[in-house]
Amino acid sequence: MPEMTLIEAIRQAQDEELARDPNVFITGEDVGVRGGVFRATMGLYDKYGPNRLIDSPLAEDSIVGVGIGAALYGMRPILEIQFADFIHPALNQIISEAAKMCYRSNGEWTVPLVIRAPYGGGIGGGLYHSQSVEALFAHVPGLKVVIPSTPYDAKGLLKAAVRDPNPIIFLEPKKGYRLIKGEVPEGEYVVPIGPARISRPGRDLSLFAYGMMHHYALQAAQKLESEGIDVEVVDLRTLYPVDKETILNSVRKTSRALIVHEDNLTGGYGAEIAAIIADEAFTDLDAPVRRLAGPDVPAVPFSHPMQDWFMVNPEKIAAAARKLAQW
Amino acid sequence: MDPSPDQKLDMYRLMLLARRLDERAWVLHRQGKIAFHISGIGHEAAQVGAAFAIRRGSDWVTPYYRDLALMLALGMTPAEFLMGLMGKRDEPNSGGRQMPSHWSLRRANAVSHSAPVATQSVHAAGIGLAIKLRGDDKVVLTTIGEGSTSQGEWYEAVNWAAVHRLPVIFIVQNNQYAISVRAEKQMAVQSAADKACGLGLPGIMVDGTDVFAVHRAVKDAVDNARAGNGATVIETRMYRITPHSSDDDDRTYRSREEVEENKRRDPLLLARARLQEEGLLSESQYDEMDTQIKASIEEAVKQAEAAPYPAGEEALHPVYAEEVRHA
Ligand SMILES: Cc1ncc(C[n+]2csc(CCOP(=O)(O)OP(=O)(O)O)c2C)c(N)n1
Ligand SMILES: [Mg+2]
């Protein structure tokens, strides 16, 4: 199986979906000749032409709104938001329109579309090129929120997202774009939206993460192994709707849960996982459910000492897991 | 009124300072001493021309990231800019929180802006409204790239200013590209100035490489605004000579010939020729000015390099106004 980077897998998924279905098209800023600022659409303009790869005007609310219109007409748009930080101008179309269309029309109208957005910090991007926005969207029924952390899943989940009849928020951990490599089979496969994945079985503690933090969680687990702590790592993959069963089964086995995300703590996605565990696995727990998250400041600062202070990393995860294992 | 000979020399000195500082930033980037630079090369005439048309320090400004020359004209020092590039603690824009060139200079009434484009335009309308409500003798100048005038927020801001006849000068720096996307893909009109007529206010187009022409056009608009006649949209046309930023590779979307061709309309060459013609700047006077500027920049680089970084935990503040440490 060929090994590729996360960004290559994302590019390949889009390539295959464009080839498979003439209703698929891509729009967003710089997605055409430039191939995207992160190169997620590199080479696709040459291959599919200006009617399938459309450089949008610089206006995100219209990228999503136009995508919704095209989807209502039967197309399958993939919408690239250049950075997740710039999705906010489009919140009106995403939250008021895409998410509510099916419900408000009693199912007469649906909007199959994918909104891809690179998210996350640790790349020297400062406040507006580092944000994690998943909690915002995981609060909105009508949307599905997907975050791949491996090239295999990125390709399979993105293909599933394009074929899904609903609006999908597909968040890509951009720090991992070139850093994370993995095996990806050639050709057709999809990874279903919904199920989480146990990426490392263990007995002592369950570590729940997604995106770049899942990558770091695996590194932390490896480190703790040498200390005799056997960590189970769960890659959540789909944040909404969430895979309760996998989460609860894991906690029932290990009796300890640590949830990790780089987004800030308060009202973050980890609170939802903690609540599910408290609700449905309370008697299985040997320790309080813990969260490790970014600090409650507005966004990741630029200057590297402050950025490093802000970011969750494998060392911080290992320290939090060690403490919980000893509780 | 045309600028005096001394003012003309001042304008040119600022343009040259901005250029040399910008070039120095690229060198620092190549040396690996800074991680990011976004350049204003080619924009100097538009920015300095506009700055000299307002009452600097009294009038208000909501700038955008290309505005190095404008900020220098407003009194930001080279050392302050360089500290911003390096994410140093005492840089005045954000104390190292924001990426470089995300300006703020409170002492010059230059308001902090973010990265999501066009947000600053609406703030300018609000400042204009407040100036009008208080009956103050001030105007507000706001700048933006042509691509960013595709945002709904830009139209909404201009509409407010037109409806309420607010003292706002909307400068659009049309450098013909938004990263890789050419202006024709942003707007079907020839110029952003053409957008004004649909909103009910004057729109002016001026050669953004001619500092004195820009000065005249902006001065007229400022006089109008002060007289209570409301806002103006001014498009200054130039060419983005550099890649979008140090992260961009512009060879992927435009030819070297095109760039070389456009370098011939370098605003610095034009201004210098004009001053030479008018007998204000001889060859030797130019050499002396340039040498002096370069020496002052080297001094500033040393100062910026010696300045301290923020400590990591300084990232925790100030999230709320109560935490602001007053000097
Ligand atoms: C809302 C938003 N979307 C996307 C971006 C990413 N981005 C940064 S600059 C830029 C192009 C801006 O072009 P233009 O307005 O012409 O200004 P220029 O950079 O050419 O001066 C883009 C797409 C952003 N900063 N904000
Ligand atoms: Mg531009």
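Going by the structure above, here's the rest.
Owing to the predicted nature of the structure, the values given are computational and were not obtained by experimental measurement. (Residues numbered from 1 in each chain as written. Chains lettered and ligands numbered in written order. Predicted model: local features only at pLDDT ≥ 70, side-chain atom pairs only at ≥ 80, totals over all residues. Heavy atoms only, no water.)

K.L.:
It is not clear to me how the interface of chain B and chain A should be interpreted in this structure. Could you clarify?
P.N.:
Accessible area lost on assembly of the parts is the figure often given for the size of an interface. Contacts between the two partners involve 37 residues from chain B, matched on the other side by 31 residues from chain A. In total, about 2700 Å² of surface goes out of reach between chain B and chain A, with carbon and sulfur atoms giving 66% of it. On the chain B side of the interface with chain A, the three residues burying the most area are Met99, Lys185 and Ala315 of chain B, jointly 18% of the side's total. Here arginine 34 of chain A and aspartate 248 of chain B are joined by a salt bridge, their closest N and O atoms 3.0 Å apart. Seen at the junction of chain B and chain A, the total is eight residue pairs in polar contact (both at pLDDT 80 or more). Taken together, the residues of the side of chain B that touches chain A break down into 16 nonpolar, 14 polar and seven charged. (Contact = heavy atoms within 4.5 Å. Buried area = accessible area lost by both parts, 1.4 Å probe. Salt bridge = Lys/Arg side-chain N within 4 Å of Asp/Glu carboxyl O. Polar contact = N/O pair within 3.5 Å; in protein donor to acceptor, adjacent residues only side chain to side chain. Nonpolar A, V, L, I, M, F, W, Y, C, P; charged D, E, K, R; others polar.)

K.L.:
It is not clear to me how the coordination of the magnesium ion (ligand 2) should be interpreted in this structure. Could you clarify?
P.N.:
Perfect tetrahedral coordination of a metal by four donors corresponds to 109.5 degrees between them, and perfect octahedral coordination by six donors corresponds to 90 or 180 degrees. All names here are of chain B. Protein-derived coordination of the magnesium ion (ligand 2) comes from Glu146 (OE), Glu146 (OE), Asn175 (OD1) and Tyr177 (O), at a distance range of 2.1 to 2.8 Å. Considering all six donor atoms around the magnesium ion (ligand 2), the spread of angles at the metal, 50 to 178°, places the coordination shape in the irregular class. Of note, the donors binding the magnesium ion (ligand 2) are all from one chain and are spaced E-x28-N-x1-Y. The pair asparagine 175 / tyrosine 177 is uniform in exposure class, with both members buried. (Donors = N, O, S within 2.8 Å, 3.2 Å for Na, K, Ca; no water. Tetrahedral: all angles 85-135°; square planar, octahedral: opposite > 155°, others 65-115°. Buried < 20%, exposed > 50% of the residue type's maximum accessible area, 1.4 Å probe, protein only.)

K.L.:
Just checking my understanding: could you explain helix α12 (residues 314-325) of chain A for this structure?
P.N.:
Look at α12 of chain A: 16 Å from first C-alpha to last across 12 residues, which is about the 16 Å you get at 1.5 Å a residue. Turning to α12 of chain A, the residues buried within the fold contact β10 (205-209), α8 (211-225), β13 (257-264) and β14 (290-294) of chain A. (Helix = DSSP H or I, 4+ residues; strand = E, 2+ residues; numbered from the N terminus. Expected span 1.5 Å × (residues − 1).)

K.L.:
Help me out: how do you make sense of the sheet that holds strand β2 (residues 24-28) of chain A in this one?
P.N.:
Each strand in a sheet pairs with its neighbour through backbone hydrogen bonds, running either in the same direction (parallel) or in the opposite one (antiparallel). All names here are of chain A. The mixed open sheet is built from seven strands, whose spatial order is β3-β2-β4-β5-β7-β6-β12. For this open sheet the edge positions go to β3 (53-55) and β12 (238-240), each flanked by a neighbour on one side alone. The mean angle between the axes of side-by-side strands here comes to 20°, regardless of whether they run parallel or antiparallel. Across three bridges, the pairing between strand β6 (residues 144-146) and strand β7 (residues 167-173) is parallel. Opposite valine 145, over in β7, you have isoleucine 169 as the bridge partner. Those strands touched by helix α3 (residues 60-72) are β2, β4 (76-80) and β5 (113-119), and its axis lies near 170° from that of β4. (Pairing = 2+ DSSP bridges. Axes fitted to C-alpha atoms, helices over the stretch in contact; angles between N-to-C directions.)

K.L.:
Got a minute to help me understand the pattern of salt bridges in this structure?
P.N.:
Note that side chains of opposite charge can pair when their charged atoms are close. Residues and elements named next belong to chain A. Counting across every chain of the model gives 52 salt bridges over all chains. Salt-bridge contacts for arginine 163 lead to glutamate 188; the nearest nitrogen and oxygen are separated by 2.8 Å. Pair noted here: arginine 163 is in helix α7 (residues 151-163) and glutamate 188 is in the loop between β8 (181-183) and β9 (197-200), with a separation of 25 residues, a long-range link. Under the relative-accessibility criterion, arginine 163 is labelled partly exposed at 28%. Residue glutamate 225 pairs with arginine 200 through a salt bridge whose shortest N-O separation is 2.8 Å. With glutamate 225 in helix α8 and arginine 200 in strand β9, this pair connects stretches of sequence that are 25 residues apart. The exposure class of glutamate 225 is partly exposed, given its relative accessible area of 47%. Counted as one network, the salt bridges with shared partners bring together Glu16, Glu17, Arg20, Lys155, Lys159, Arg163 and Glu188.

K.L.:
I tried to follow the layout of surface pockets on my own but got confused; where do I start?
P.N.:
A water-sized probe, rolled over the atoms, reveals where empty space remains. Looking at the second largest pocket, its volume works out to about 780 Å³. When the residues that make up the lining of the second largest pocket are grouped by side-chain class, the tally is 11 nonpolar, six polar and seven charged. (1 Å grid on protein atoms, 1.4 Å probe; cavity = no way out; pocket = protein on both sides within 12 Å on 5 of 7 lines; lining within 4 Å. Points joined across faces, edges and corners; volume = space filled by probe spheres on them.)

K.L.:
It is not clear to me how unusual backbone geometry should be interpreted in this structure. Could you clarify?
P.N.:
Generally, phi is negative for residues other than glycine and the peptide bonds are trans, each holding for most cases. Residue proline 241 of chain A follows tyrosine 240 of chain A across a cis peptide bond; omega there is 0°. Mapped onto the secondary structure, proline 241 of chain A falls in the loop between β12 and α9 (244-254). A cis amide bond, omega -10°, links histidine 317 of chain B with the succeeding residue proline 318 of chain B. Within the secondary structure, proline 318 of chain B sits in the segment after α11 (283-306).

K.L.:
Please clarify how the site of ligand 1 should be interpreted in this entry.
P.N.:
As a matter of local geometry, ligand 1 sits amid 21 residues, with Glu60 of chain A together with Tyr64, Tyr65, Ser148 and Tyr177 of chain B nearest to it. Nearby residues around ligand 1 are contributed by chains A and B. Within the side chain of tyrosine 64 of chain B, an N or O atom sits 2.7 Å from an oxygen atom of ligand 1. Between ligand 1 and alanine 115 of chain B, the relevant distance is 2.9 Å, taken from a nitrogen atom to a main-chain nitrogen or oxygen of the residue. Here ligand 1 has 570 Å² of accessible area as a free molecule, and 97% of this is covered by the chains. In the shell around ligand 1, the residues fall into 10 nonpolar, seven polar and four charged. (Near = heavy atom within 4 Å. Areas by Shrake-Rupley, 256 points an atom, 1.4 Å probe, with all protein chains shown as cover.)

Any link to function would need more than the numbers given here.
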